[in-house]
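Listed here are the chains, written in short residue letters.
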Amino acid sequence: MKKMDDSAQLVLIAGFTIGLAIVVSTIMLNNIIFASNMASESSIDANRYYVSNIRQMSSDALSGAYGFATKNQTSFNATLFNQYMSGYNHKAASVYALSGVSFNVRNSNFYDGYFTENGLLDGDSDWIVMADVNSTDSLLIEINDTSVLGNATNAFTVQAINSSGSSLWLVKLYNDSGNVNISVYDQNMSAVESGTSSGFLNITNDLVDGDDSFDFHFNDYTVNETYKLKFLNGTNAAGYFSMSGNLTDGTSFSRVRYKMTNATVSTSSGKTRINVSIPISIP
């Protein structure tokens, strides 16, 4: 009887030992997997931050170069642009060299951006360009390619909306036999003005195509209002826009998109090599 008791105790001890070993092994395996995942995610986050930082640097550099090449110039000066970028690349390469990393950024040709949030065809087509606006001093729109413009049913639209969500003013732009049709609407969404243009609209100064008078009614319908400026159907138009004015807190604002470009950024070190093309809005 005693032998049977001893055997049962040994079986119980063996079972307990095996169970404990399984628990310990499971905990160790989980720790290894967790540590591996953390290291992997840390590397991914670092790479994302690295690319994001490069994107921002390149965007600032290309915007600065574009401004340098157009300031006090009758047209874009490619020589000045290249001089600026050459100087930027030299300075950036010197800074990165301290960490053992080579660096270079170059751009492709400039092209018209869509009136989407990021300037690309797959960007947000309906978006708020500026909110909490008290007054708009300048609002310019230039459509450079009427073939991109939609028709009357899906027209590119610029709208001023008050704080309660009601429309104060709206203008629709669409392709009209190769010209830009302009249709202005009031608070009741009733058409109050229409006409055609070659594509350049100076909305706050009531001008089209440089010096032709056209009553946009923008100042009439937005005076003494708090509003936001919104683009709709931004994928149905491409070109240039610029707006500036004052916000409700008294600060000034300015939003501009001149062009788009694809910047190719190359960096390399003993551990990593990155060669990426990044679409960048100018500025």
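Refer to the structure presented above.
To start, this report covers the structure provided alongside it.

Analysis parameters
Residues numbered from 1 in each chain as written. Predicted model: local features only at pLDDT ≥ 70, side-chain atom pairs only at ≥ 80, totals over all residues. Heavy atoms only, no water. Helix = DSSP H or I, 4+ residues; strand = E, 2+ residues; numbered from the N terminus. Buried < 20%, exposed > 50% of the residue type's maximum accessible area, 1.4 Å probe, protein only. Contact = heavy atoms within 4.5 Å. Areas by Shrake-Rupley, 256 points an atom, 1.4 Å probe, with all protein chains shown as cover. Core = buried A, V, L, I, M, F, W, Y, C linked by side-chain atoms within 4.5 Å. Polar contact = N/O pair within 3.5 Å; in protein donor to acceptor, adjacent residues only side chain to side chain. Expected span 1.5 Å × (residues − 1). Arc of directions from axis to C-beta. Phe/Tyr/Trp six-rings, centres within 6.5 Å; stacked < 30°, edge-to-face > 60°.

With that settled, consider the overall build of the chain. In terms of helices and strands, the chain carries three helices and 15 strands. A total of 283 residues make up the chain; the buried ones form 36% of that total. Contacts in the chain between residues at least 24 apart in sequence constitute 60% of all its contacts with a sequence separation of at least 6. Surface exposure of the chain reaches about 15,900 Å², of which carbon and sulfur atoms provide 52%.

What follows is about the nonpolar core. In a soluble, globular protein the nonpolar side chains are often hidden away together inside. Ranked by size, the top nonpolar core spans 34 residues in total, and within it I141, F156 and F231 carry the most contacts. For this core, the secondary-structure elements that each account for two or more residues are strand 3 (127-143), strand 4 (156-162), strand 5 (167-176), strand 6 (179-185), helix 3 (218-222), strand 11 (227-232) and strand 12 (238-247). Considering every element that reaches this core, the biggest residue donor is strand 3, with seven residues. With near-sequence residues (within four places) excluded, I141 lies in contact with F115, F156, V158, L173, G199, F200, L201, I203, F231, Y240 and F241. Of all hydrophobic cores here, the second largest spans 16 residues; its members include A69, Y88, I278 and I280.

For S281, the position within the fold is in strand 15 (residues 273-282). Engagement of the side chain of S281 in a polar contact is seen with the side chain of R257, the distance being 3.3 Å. When neighbours within four sequence positions are excluded, S281 is seen to be in contact with S59, S63, R257, K259 and M260.

Take helix 2 (residues 78-97) next. Its 20 residues give helix 2 an end-to-end C-alpha distance of 28 Å, which sits within 8% of 28 Å, the value for a rise of 1.5 Å per residue. Regarding helix 2, the residues found buried are L80, F81, M85, Y88, N89, A92 and Y96. Viewed end-on, helix 2 has its buried residues packed into an arc of 165 degrees, placing them on one side of the element. Structural note: helix 2 exposes H90 and K91 on the side pointing more than 90 degrees away from its buried face. For helix 2, the side-chain oxygen to backbone nitrogen distance between the N-cap and T79 is 3.1 Å, and the N-cap itself is N77.

A few words on the packing of aromatic side chains. On inspection of all chains with the given rule, the structure shows 15 aromatic pairs. Summarising the aromatic geometry, the rings of Y66 and Y258 are spaced 5.5 Å apart at their centres and angled 25 degrees between planes, so their arrangement reads as stacked. Placement of Y66 in helix 1 (residues 2-70) and of Y258 in the loop between strand 13 (252-257) and strand 14 (259-268) is noted, with a sequence separation of 192 residues between them. Taking relative accessible area as the criterion, Y66 reaches 12% and is therefore assigned buried. Taking relative accessible area as the criterion, Y258 reaches 34% and is therefore assigned partly exposed.

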